[in-house]
Amino acid sequence: MTCCGHCRDAGDFFNERTAKRELKKYRRKGPEKSTRLLIESIPDEAAANSTLLDIGGGIGAIPFELFKKGVQHSVNIDASRAYQSVSKKEAAERGLKEKTEYHFGDFTDVAPTLSSADIVTLDKVICCYPDVDLLLKSSLEKTESYYGLVFPRENFLTRIGFRLINLWFKIRRSEFRTFIHSHKKVDEIIQSHGFRKKSQDKTILWQVVLYKKAA
Ligand SMILES: C[S@@+](CC[C@H](N)C(=O)[O-])C[C@H]1O[C@@H](n2cnc3c(N)ncnc32)[C@H](O)[C@@H]1O
């Protein structure tokens, strides 16, 4: 499987219908629990007057919520045009057009054209990407201070769930796959880039971790 085919087919999965459905849910109930835990873990003083890079940002729940904590500017990179378009419209409706910037594509391709940000988030994104080393490395290089991740727990439920999801993609002849990357490996890569764990939380399916760059 190539990252190209993977990202191309990600667009079929993260389509307009699912984007609109997620936006509707977000408007009604706010961010889902794992996303809320990540947002809450970012200290208010870190968010104030900061910049955000939200990779695989989907409909944009993280920037919409972090603007309330004082983030000044957000950049959203996504491999799904449908999610970006839904998020862009929502940002405009919320009066946030001037504060938000959107780039389409695989983050690892787009990264060299982007500035670094105070806070970088990957909420349920590394589980959508085959080359976790590359995605982590290229996003860590763009992080000035806080690095937040939501990714699948390594448990029975996620293992079965992800296998079934991947079987469904295979049957549909999609190159898109989901991944449960080793927590040990993810942590080692992040720490080797000079980041230290600040907080950790979990839901039944997701691990929520916030790192801070060591001084
Ligand atoms: C499961 S969704 C999560 C969306 C959002 N972060 C949330 O939690 O609601 C994963 C998103 O990451 C995007 N994505 C996956 N790999 C990506 C990559 N390498 N570069 C940019 N976006 C990516 C997908 O297009 C999709 O919108």
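Residues numbered from 1 in each chain as written. Predicted model: local features only at pLDDT ≥ 70, side-chain atom pairs only at ≥ 80, totals over all residues.

1. Thoughts on the overall build of the chain
Move 1: In terms of helices and strands, the chain carries 10 helices and seven strands.
Move 2: For the chain, whose C-alpha radius of gyration is 16 Å, the value lies close to the compact-globule estimate of 17 Å for 215 residues.
Move 3: Dimensions of the chain, computed from the C-alpha atoms along their principal axes, are close to 45 × 40 × 35 Å.
Move 4: In the chain, buried positions account for 36% of the 215 residues.
Move 5: Long-range pairs, those at least 24 residues apart, make up 71% of the contacts in the chain with a sequence separation of at least 6. (Helix = DSSP H or I, 4+ residues; strand = E, 2+ residues; numbered from the N terminus. Rg over C-alpha atoms; globule rule 2.2 N^0.38 Å. Buried ≥ 20, exposed ≤ 12 C-beta atoms within 10 Å, placed from the backbone. Contact = placed C-beta atoms within 7 Å.)

2. Quick look at the site of the ligand
Move 1: Close to the ligand lie 23 residues, the nearest being G56, G58, S80, F107 and D123.
Move 2: Counting residues per element, the ones that place at least two in the shell around the ligand are α1 (3-13), β2 (73-78) and α7 (107-110).
Move 3: Here the residues of the shell around the ligand sort into 13 nonpolar, six polar and four charged. (Near = placed C-beta within 6 Å. Nonpolar A, V, L, I, M, F, W, Y, C, P; charged D, E, K, R; others polar.)

3. Concerning the sheet that holds β2
Move 1: In spatial order, the strands read β3-β2-β1-β4-β5-β7-β6; together these seven strands make up an open sheet with mixed pairing. One side of each edge strand has no neighbouring strand; the edge strands of this open sheet are β3 (100-104) and β6 (195-202). The mean angle between the axes of side-by-side strands here comes to 15°, regardless of whether they run parallel or antiparallel.
Move 2: The strands touched by helix α5 (residues 61-68) are β1 (51-55), β2, β3 and β4 (117-123); relative to β1, the strand with the most contacts, the crossing angle is about 160°. (Pairing = 2+ DSSP bridges. Axes fitted to C-alpha atoms, helices over the stretch in contact; angles between N-to-C directions.)

4. Things to note about the nonpolar core
Move 1: With 47 residues, the main nonpolar core has I42, I55, L66, I119 and I126 as its most contacted residues.
Move 2: Residues within four places of I126 in sequence aside, it is in contact with V132, L135, L136, L149, F151 and H181. (Core = buried A, V, L, I, M, F, W, Y, C linked by C-beta atoms within 7 Å.)

5. Some thoughts on α5
Move 1: Most of α5 is tucked away: seven of the eight residues are buried.
Move 2: Taken as a whole, α5 has its buried residues at A61, I62, P63, F64, E65, L66 and F67.
Move 3: Note on α5: the residue one or two positions beyond its end, G70, has a positive phi of about 110°.

6. A closer look at the pairing of strand β5 (residues 143-152)
Move 1: Counting buried positions along β5 yields eight of 10 residues, so the element is predominantly enclosed.
Move 2: By the bridge criterion, six bridges tie β4 to β5 in an arrangement that is parallel. From the neighbouring strand, V120 faces β5, where its bridge partner is Y147.
Move 3: Pairing between β5 and strand β7 (residues 206-213): seven bridges, direction antiparallel. Each residue of the ladder has a partner; that of Y146, found in β7, is K212.

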